[in-house]
Amino acid sequence: MNETQQPGLLPEDDADVAMIEVRDFSLRLVEALIFARADPLSTRAIGEVLAGQGGIPHDTADRDAYVAATLAALAAQYAGRGVVLVEVAGGWQFRTAPDLAPRLTRVMPRPRRLARSTMETLAIIAYHQPCTRAEIEEIRGVSLSQQVLDTLLEAELIMPLGRKEVPGRPILWGTSSGFLRHFGLKDLGDLPRREELLVDVPDTGMLPDAPDEVPDPPAS
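Residues numbered from 1 in each chain as written. Predicted model: local features only at pLDDT ≥ 70, side-chain atom pairs only at ≥ 80, totals over all residues. Heavy atoms only, no water.

Trainee: Looking at this model, I keep getting lost on the nonpolar core. Mind explaining?
Mentor: Across soluble globular proteins, nonpolar side chains show a tendency to be buried alongside one another. Counting 20 residues, the largest nonpolar core has Leu122, Ile125, Ile136, Leu152, Leu157, Ile158 and Phe179 as the members making the most contacts within it. Mapped by element, the contributors of at least two residues to this core are α5 (116-128), α7 (146-154) and α8 (177-183). Here this core gets 5 residues from one element, more than from any other, and that element is α5. Counting residues in hydrophobic clusters, the runner-up holds 19 residues, among them Tyr78, Leu85, Trp92 and Phe94. (Core = buried A, V, L, I, M, F, W, Y, C linked by side-chain atoms within 4.5 Å. Buried < 20%, exposed > 50% of the residue type's maximum accessible area, 1.4 Å probe, protein only. Helix = DSSP H or I, 4+ residues; strand = E, 2+ residues; numbered from the N terminus.)

Below is the structure:
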């Protein structure tokens, strides 16, 4: 049976994982599994399928290490190609190579840019979550329209994270897995600078862009 050995794909402290010989069947199974899924697939889910479909050798002492080695080997196979395997939003997904993405703008539909007020609200939620509507308004210095929140909800970029235990129990807002997928982040620890979030975000077309809010007048 053909086997693939992938040294040097993982950090030095994972040398044992990097030297594991991965079976071709395991690679093909994981490749097909990730390709068939529209959303990122977690390492745990991949491991469960490998184990259930005979993709892990019976004499494997560390199944988690074998799954990690399989993913590393698959990522190495796609390195330098038009489609690459990336870890995003807590899972694995095939995506267009970053250097080719800008070249596809002429043939792929470009999403309509959301209003700046909507993007600023998203950035605040991303960096201050969980936060309430009042806290967002305090940071921005302007009132927040419900339409802005509705737009972000429709785009699946934010989600409610419960309620704050204060009078009125306001909703706490945070980013969703869709936010991680859109910006290509593995988790919130990979957040870029706030300015880098103020870029095009897909609009569902179900709601019009909310107009920029007008600052509250100073108290007399």
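That was the structure; now back to the text.
Trainee: So what exactly am I meant to see when it comes to the confidence of the model for the protein here?
Mentor: A low pLDDT means the predicted coordinates there should not be read in detail. With 75% of its residues at a pLDDT of at least 70, the protein reaches an overall mean of 80. Considering only residues more than four positions removed or in separate chains, one finds that residues 200-220, a stretch of pLDDT under 50, has 54 contacts. (pLDDT = per-residue confidence, 0-100. Contact = heavy atoms within 4.5 Å.)

Trainee: Is there a simple way to think about the packing of aromatic side chains in this case?
Mentor: For any pair of aromatic rings, the description rests on two quantities: the centre-to-centre distance and the angle between the ring planes. The final tally for this structure, using the stated rule, is 2 aromatic pairs. Seen from their ring centres, Tyr78 and Phe94 are 4.7 Å apart, and the 45° between their planes marks the pair as tilted. Of the two residues, Tyr78 is situated in helix α4 (residues 63-78) and Phe94 in strand β4 (residues 91-96); the sequence distance between them amounts to 16 residues. With a centroid separation of 4.9 Å and 50° between ring planes, the pair formed by Phe179 and Phe183 is classed as tilted. Linking Phe179 with Phe183, this pair stays in helix α8, spanning 4 residues, or about one helical turn. On the basis of relative accessible area, Phe179 is assigned to the buried category, the value being 0%. Residue Phe183 is classed as buried on the basis of its relative accessible area of 17%. (Phe/Tyr/Trp six-rings, centres within 6.5 Å; stacked < 30°, edge-to-face > 60°.)

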